[in-house]
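One-letter residues, chain by chain:
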Amino acid sequence: MTDPLLSIRDLTVRVGKRADAPSILDKVSLDLMPGETLGLVGESGSGKSTLGMSVLRLTSPTLTAGTTGRIAWKGDDILTMPNRKLRHIRGEEISMILQDPMASLNPVQSIGTQLQEALRRGGKRNLSAAAEAALSEVNIPSPAERLRAFPHQMSGGMRQRIVSAIGLAQDPELLICDEPTTALDATIQYQFLELLKALRAAHHMAMLFITHDFGVVARICDRVAVMYAGRIVETGPVAEIFARPAHPYTKALLASVPSTGHAPHRLPVIEGAPPAVGHRPEGCPFHPRCAAASAHCRQAPPRTELRPGHTLNCWHPQEHPHEIA
Amino acid sequence: MLKHLAGRLAEALVALLLMSLVIFLLSRVIGDPVALLLSDSATEADRQMLIAQLGLDQPGWRQYLTFLGNALKGDFGQSVTAGREDALHLVLSRLPASLSLAGIALLFTLVVGILLGVLAAVTRGTVADLAVRLLALLGQSAPSFWLGIMLIYLFAVKLGWLPTSGFGGAVYYVLPALTLGLFTLAAITRLVRASMLEALGSEYVKLARIKGVSEWAVVLRHALGNSLIPVVTFMGTFFATMITGAVVVETVFAWPGIGRLAYESIMARDFPVIQTVVLVITAFFILANLIVDLLYLAIDPRMRARS
Ligand SMILES: Nc1ncnc2c1ncn2[C@@H]1O[C@H](COP(=O)(O)OP(=O)(O)OP(=O)(O)O)[C@@H](O)[C@H]1O
Ligand code: SF4
Ligand SMILES: [Mg+2]
């Protein structure tokens, strides 16, 4: 077996340094193999973006101060490495497309300046030619003209592609995509997903793909990790999770996906709302909303491996195959 | 872009015209120029003659047009004080002292204010940040006349490092420029700190970090440019603060500028000079706002698109 590219162990992110500060992420562990695409699914507020940003140490100072655990990139711990070393991993080895493409570009700099800054760090010589090529790669028409434009002059779909071009400029091995399609309308979503798949193949990248949409997971991911209230509750190969979801939360999420495969924007999937940071219940955080809950569930469930590669944290795995309710 | 500028220029002219009307009306309401100009021994006949001579027997709009026409010719009347100096000439002769003081104060304020604001933001939560914030708070709460007197006491009287007052070479500028600039310096520091913090938490700064850009470049190339936009926005207010501050500071430091001239002419009820000072200041204020407009266009591409 090859070693994982990225290996996260017991990642806990608290709002501040104190041990009793509320936690956003609670002992998250996951592995990502070279070339693999892992989907990270969960309702709003479950901590997906915090997890993605922690990998590049991009969370706010309060959260970085409250971060414990280990994020090993090719064996080196990102959380403790010196800034100078981290800078060479950022962009060159791991890159990220942020959740908000409209706000990700510097409003006072031209597209060309922002793209070339990344290309220069990637060691490109002929910057303007490289910049045009980078825009062509993400299907932006008349790239030479676009390079002189400013962010406010472009549509959302265009900005999203420019942000992707910047993310890819240094040819990273891992691309973290934080809900890259959420801000786009349906037809552009589809195009953009296809573009990402093509780019993934061309750059031989692994991907950490954050979404709340199982339809997107089915299209682009190899494996999926389901998050609830700052924890990973179930992981497994996409086909396996779709066919045999075992965690009550995963089952409920899947049951709420309409047969078109497109989840609406922020869908209220299950009765009740996920608990807010600082108000998460003891034991299994899902128990107030879970139909299968028992007295056991006030204790934290252990991680168990149902089948090779399919793990979950639940006292009462739902073994029977998933039925559309 | 040219159209935008032409529009702003037209606005400026209207503003000047309005200001001249206000000045004209005020000078008629506040004082009786005839009483001021006549000596105590003057007779009623002298009085009537003077009224006719000054055109005060004419209807109001007529008087205003005359006033405006004279103003356009550069004739703002004469000072009523003993010298009977030409008002415009008097004001213009005092202008260089004021401009050099305000220019130095503004430059110092901008440079130091931006530096301190950036420093506080990047060292957020540390002792350095706390010290800067405390200084800024003091700078914004201390009245400038009190500050001026304290500075004179400390640096001129106690330590003897700097002259107490007066006009001359570089050393003469230190205390008045400090006094004049400190309030604005504090304001700029707080403004830059707040907008730097906002920029440093923004998504585009995250994207810059994702590229692997060094922390220096993140601060200087990405965060700073954006956090100067609010400084430019408030520039007009800063000018106004400096102009009003100049009256106090120039008086405290016996600085021969138009601020002190304004104070002196008010004390002497010298209306022609007061009017001229106010008009000249208004003209500068309008000019300053035009410059701010141009700065805006230079710094923010979104403004360029809109205009
Ligand atoms: N700096 C912070 N300080 C305090 N709480 C924070 C901070 N950053 C995030 N949170 C909280 O942590 C929780 C998880 O946020 P996060 O953005 O990671 O969720 P998410 O799963 O990405 O949600 P979404 O689908 O809406 O993007 C939220 O409740 C959020 O309010
Ligand atoms: S541990 Fe209990 S409460 Fe939590 S998901 Fe499983 S059955 Fe439901
Ligand atoms: Mg998010």
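Parameters at a glance
- Residues numbered from 1 in each chain as written.
- Chains lettered and ligands numbered in written order.
- Predicted model: local features only at pLDDT ≥ 70, side-chain atom pairs only at ≥ 80, totals over all residues.
- Heavy atoms only, no water.
- Phe/Tyr/Trp six-rings, centres within 6.5 Å; stacked < 30°, edge-to-face > 60°.
- Contact = heavy atoms within 4.5 Å.
- Buried area = accessible area lost by both parts, 1.4 Å probe.
- Salt bridge = Lys/Arg side-chain N within 4 Å of Asp/Glu carboxyl O.
- Polar contact = N/O pair within 3.5 Å; in protein donor to acceptor, adjacent residues only side chain to side chain.
- Helix = DSSP H or I, 4+ residues; strand = E, 2+ residues; numbered from the N terminus.
- Nonpolar A, V, L, I, M, F, W, Y, C, P; charged D, E, K, R; others polar.
- Near = heavy atom within 4 Å.
- Domains from an automatic or database assignment.
- Patch = residues over 30% accessible without salt bridge, like charges linked within 9 Å, V, L, I, M, F, W, Y side chains within 5 Å.
- Areas by Shrake-Rupley, 256 points an atom, 1.4 Å probe, with all protein chains shown as cover.
- Buried < 20%, exposed > 50% of the residue type's maximum accessible area, 1.4 Å probe, protein only.
- Donors = N, O, S within 2.8 Å, 3.2 Å for Na, K, Ca; no water.
- Core = buried A, V, L, I, M, F, W, Y, C linked by side-chain atoms within 4.5 Å.
- Pairing = 2+ DSSP bridges.
- Axes fitted to C-alpha atoms, helices over the stretch in contact; angles between N-to-C directions.

J.: With reference to specific residues and values, describe the packing of aromatic side chains.
T.: Per the stated rule, a full pass over the model turns up 12 aromatic pairs over all chains. Measuring from ring centre to ring centre gives 6.0 Å for Phe155 of chain B and Trp161 of chain B, while their planes differ by 45°; the resulting arrangement is tilted.

J.: Describe the interface of chain A and chain B, and please don't skip the residues or the numbers.
T.: Listed by partner, the interface residues are 26 residues for chain A and 20 residues for chain B. Summed over both partners, the interface of chain A with chain B buries about 2,200 Å², with 62% contributed by carbon and sulfur atoms. Where chain A packs against chain B, one counts 2 salt bridges. Of the charged contacts in the structure, one is a salt bridge between Arg221 of chain B and Glu117 of chain A, with a shortest N-O distance of 2.3 Å. Put simply, chain A and chain B have 13 residue pairs in polar contact (both at pLDDT 80 or more) between them. Where the side of chain A that touches chain B is concerned, the elements lending two or more residues are strand 6 (94-97) and helix 4 (111-121) of chain A. Ranked by residue count, the leading element in the side of chain A that touches chain B is helix 4 of chain A, at 4 residues. In the side of chain A that touches chain B, the residues fall into 13 nonpolar, 8 polar and 5 charged.

J.: Can you tell me about the site of ligand 2, naming the residues and giving the values?
T.: Around ligand 2, the surrounding shell consists of His247, Pro248, Cys284, Phe286, His287, Cys290, Ala292, Ala293, Cys297, Cys314, Trp315 and His316 of chain A. A per-class count over the shell around ligand 2 returns 9 nonpolar, 3 polar and no charged.

J.: Please provide a residue-by-residue account of the side chain of Glu240 of chain A, values included.
T.: All names here are of chain A. Along the polypeptide, Glu240 turns up in helix 10 (residues 238-243). Reaching out from Glu240, the side chain makes a polar contact with the side chain of Arg307 at a distance of 2.7 Å. Apart from the residues lying within four places of it in its own chain, the contact partners of Glu240 are Pro245, Arg307 and His310.

J.: Requested: an account of the domain arrangement of chain B, with residues and values cited.
T.: Its domain assignment divides chain B into domain 1 (2-72) and domain 2 (94-268). A separation of 37 Å is found between the C-alpha centroids of domain 1 of chain B and domain 2 of chain B.

J.: Break down a nonpolar patch on the surface for me, citing the residues and quoting the values.
T.: Residue and element names in this part refer to chain B. Taken together, Phe145, Trp146, Ile149, Met150 and Val248 make up a surface patch of nonpolar side chains, about 450 Å² in accessible area. Tallying contributions element by element places helix 7 (residues 144-158) first for the nonpolar patch, with 4 residues. Considering the arrangement of structural elements, one finds Ile149 in helix 7. A relative accessible area of 44% places Ile149 in the partly exposed class.

J.: Quick one: what's the story with the coordination of the magnesium ion (ligand 3), residue by residue and with numbers?
T.: In an ideal octahedron of six donors the angles at the metal are 90 or 180 degrees, and in an ideal tetrahedron of four donors they are 109.5 degrees. Those donors, Ser49 of chain A (OG) and Gln99 of chain A (OE1), are the protein atoms that reach the magnesium ion (ligand 3), and they lie 1.9 to 2.2 Å from it. Here Ser49 of chain A, found in helix 1 (residues 48-55), pairs with Gln99 of chain A, found in the loop between strand 6 and helix 4; they are 50 residues apart in sequence, far enough to count as distant.

J.: Outline the nonpolar core, listing residues and values.
T.: Ranked by size, the top nonpolar core spans 91 residues in total, and within it Leu51, Ile94, Leu115, Ile162, Leu174, Leu196 and Phe209 of chain A carry the most contacts. With 6 residues, helix 7 (residues 156-168) of chain A is the largest single contributor of residues to this core. Beyond its immediate stretch of four places on either side in the chain, Leu174 of chain A contacts Leu6, Leu32, Trp73, Glu93, Ile94, Ser95, Ala206, Met207 and Leu208 of chain A. By size, the runner-up hydrophobic cluster in this structure holds 26 residues, among which are Ala199, Val213, Met235 and Tyr296 of chain B.

J.: How would you summarise the site of ligand 1 if you had to cite specific residues and measurements?
T.: All names here are of chain A. In the vicinity of ligand 1 lie 16 residues, with Ser44, Lys48, Ser49, Thr50 and Gln99 positioned nearest. At 2.9 Å from an oxygen atom of ligand 1 is found a main-chain nitrogen or oxygen belonging to Gly45. Top element by residues in the shell around ligand 1 is helix 1. It accounts for 3 residues. In terms of residue class, the shell around ligand 1 is built from 4 nonpolar, 8 polar and 4 charged.

J.: Hey, could you go over the pattern of salt bridges for me, with residue numbers and the actual values?
T.: All names here are of chain B. Under the criterion given, the structure shown has 24 salt bridges over all chains. Among the ionic pairs, Asp293 bridges to Arg8, the shortest N-O distance being 3.0 Å. Placement of Asp293 in helix 12 (residues 271-299) and of Arg8 in helix 1 (residues 2-30) is noted, with a sequence separation of 285 residues between them. For Asp293, a relative accessible area of 11% corresponds to the buried category. Judged by relative accessible area, Arg8 falls into the partly exposed class, the value being 27%. For Asp300, the salt bridge goes to Arg302, with nearest N and O atoms at 3.1 Å.

J.: Can you tell me about the sheet that holds strand 10 (residues 231-237) of chain A, naming the residues and giving the values?
T.: The strands that make up a sheet pair up through hydrogen bonds in the backbone, lying either parallel or antiparallel. Residues and elements named next belong to chain A. The mixed open sheet is built from 8 strands, whose spatial order is 6-7-8-3-9-10-12-11. In this open sheet, the two edge strands, each paired with only one partner strand, are strand 6 and strand 11 (303-307). Taken pair by pair, the neighbouring strands of this sheet meet at an average axis angle of 20°, ignoring direction. Bridging between strand 10 and strand 12 (residues 310-313) involves 2 bridges; their strand directions are antiparallel. Bridge assignment links Glu234 to a residue of strand 12, and that residue is Leu312. Each of strand 9 (223-228) and strand 10 touches helix 11 (residues 248-255); the most contacted strand, strand 9, lies at about 105° to it.

J.: So, the sheet that holds strand 2 (residues 23-32) of chain A: which residues are in play, and what are the values?
T.: Residue and element names in this part refer to chain A. Across the sheet, which stays open at both edges, the 4 strands sit in the order 2-1-4-5 with antiparallel pairing between neighbours. Of all strands in the sheet, those bounded by a partner on one side alone are strand 2 and strand 5 (76-77). Relative to strand 2, strand 1 (residues 6-14) runs antiparallel, the two sharing 6 bridges. The residue bridging Ser7 from the neighbouring strand is Asp31, located in strand 2. The sheet contacts of helix 1 involve strand 1, strand 2 and strand 4 (67-73), and relative to strand 1 the element is tilted by about 120°.

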